[in-house]
Amino acid sequence: METMKNNILFFFLISLRSLCFGDSLFYDITVYGIKCGEISFYNNQNSELKIKTHSIGLINYFFPFDNEYNVNYDSSSFNMINYSKTIKQGQFKQTLFGVWDHKKNKIKYEGHVDLPRTNPSLTILSFLPMIRQVSKNELDTKWFPIEHEGKLFKSRVLFSDSVNLDYNGSSILCNHFRLDLIPDSKKKILDQSDYFNNNIVRSDAIRQLWVENLNKKRILKASVKIGFIEVVAILK
């Protein structure tokens, strides 16, 4: 009986800790204003970010997807510790796991050759908590290395302006950022990847985020535009 009580108390404390320190956000994905998917975003106090995405509605008949992305990162630098993904995208399925070896200055992806790196780096995913937690003045025009599935990029954050976004009937002041990416290596480990990872680093992509100026500094909106097609994620 005492053991059972201890177990219940343990799980209660873990749940309470998650509620107090965890950050769960949910987004709708739209194209041309039509909802085509959903995102769940969970960032816990242990510097771990989990993102799940799945398609809904008519898109399931043409471009179905049910994907999961995870990154553990350093809480002060936001540099990658390890990264993984599980992709179910129509008939295409893929898994990937990589870890930063700080002793040898290498990225090690399971089943692939090790990749030497001069310095540790962010990933697209660990960039998200960074832009929420670091002030715009510290980020604006600064360059950061980004590791992206074996390929290295130079990234620059540009603060565009402060704007008010309508959210659930309220007008919320947001910092509007743009993310530039420039390839810094020609090496790659994957011949094919998922929709998100393929397109987020395209040279013709315009990447933008709107981050709440005060309070929780939630990302209220994010978009990627390639040509005439713009994919938008909007906080529910």
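None of the values given here were measured: they were computed from a predicted structure.

Rules and cut-offs
- Residues numbered from 1 in each chain as written.
- Predicted model: local features only at pLDDT ≥ 70, side-chain atom pairs only at ≥ 80, totals over all residues.
- Heavy atoms only, no water.
- 1 Å grid on protein atoms, 1.4 Å probe; cavity = no way out; pocket = protein on both sides within 12 Å on 5 of 7 lines; lining within 4 Å.
- Points joined across faces, edges and corners; volume = space filled by probe spheres on them.
- Helix = DSSP H or I, 4+ residues; strand = E, 2+ residues; numbered from the N terminus.
- Nonpolar A, V, L, I, M, F, W, Y, C, P; charged D, E, K, R; others polar.
- Salt bridge = Lys/Arg side-chain N within 4 Å of Asp/Glu carboxyl O.
- Buried < 20%, exposed > 50% of the residue type's maximum accessible area, 1.4 Å probe, protein only.
- Polar contact = N/O pair within 3.5 Å; in protein donor to acceptor, adjacent residues only side chain to side chain.
- Contact = heavy atoms within 4.5 Å.

K.L.:
Even after reading the chapter, I still don't get empty space enclosed by the protein, so can you show me in this structure?
P.N.:
Any empty space left between atoms is shown by rolling a water-sized probe over those atoms. Per the stated rule, a full pass over the model turns up 1 cavity of 30 Å³ or more. As a volume, the largest cavity reaches approximately 90 Å³. Lining the largest cavity, in full, are Y69, M80, Y83, Y109, T123, I124, L125, E147, H148, E149, F196 and N197. Residue assignment for the lining of the largest cavity shows that the elements contributing at least two residues are strand 5 (80–89), helix 3 (124–133), strand 9 (143–148) and helix 5 (195–200). Looking at the lining of the largest cavity residue by residue, the class counts come to 7 nonpolar, 3 polar and 2 charged.

K.L.:
Would you take a moment to explain the layout of surface pockets for this structure?
P.N.:
Approximately 1,400 Å³ is the volume attributed to the largest pocket. Looking at the largest pocket, it is lined by 43 residues, and the ones nearest its centre are I29, F196, V224, V231 and V232. Residue composition of the lining of the largest pocket, by class: 32 nonpolar, 7 polar and 4 charged.

K.L.:
Honestly, the pattern of salt bridges in this entry has me stumped. Any pointers?
P.N.:
Where side chains of opposite charge bring their charged atoms close, a pairing between them can arise. Inspection of the entire model under this criterion finds 14 salt bridges. We note a salt bridge from D180 to R178, for which the minimum N-O separation is 2.9 Å. Classification of D180 by relative accessible area gives buried; the value is 15%. Across the pair R202 and D204 runs a salt bridge, and its minimum N-O distance is 2.8 Å. Judged by relative accessible area, which is 35%, R202 ranks as partly exposed. According to the relative accessible area criterion, D204 is partly exposed, its value standing at 39%. Salt bridges sharing common partners tie together D28, K35, E38 and K236.

K.L.:
Could you clarify how one ought to interpret the side chain of N175 in this entry?
P.N.:
Mapped onto the secondary structure, N175 falls in strand 11 (residues 170–183). The class of N175 is buried, set by a relative accessible area of 9%. Looking at N175, its side chain comes within polar contact range of the side chain of S162, at 3.2 Å. The contact partners of N175, leaving out residues within four places of it in the chain, are K136, F159, D161, S162, L209, W210, V211 and N213.

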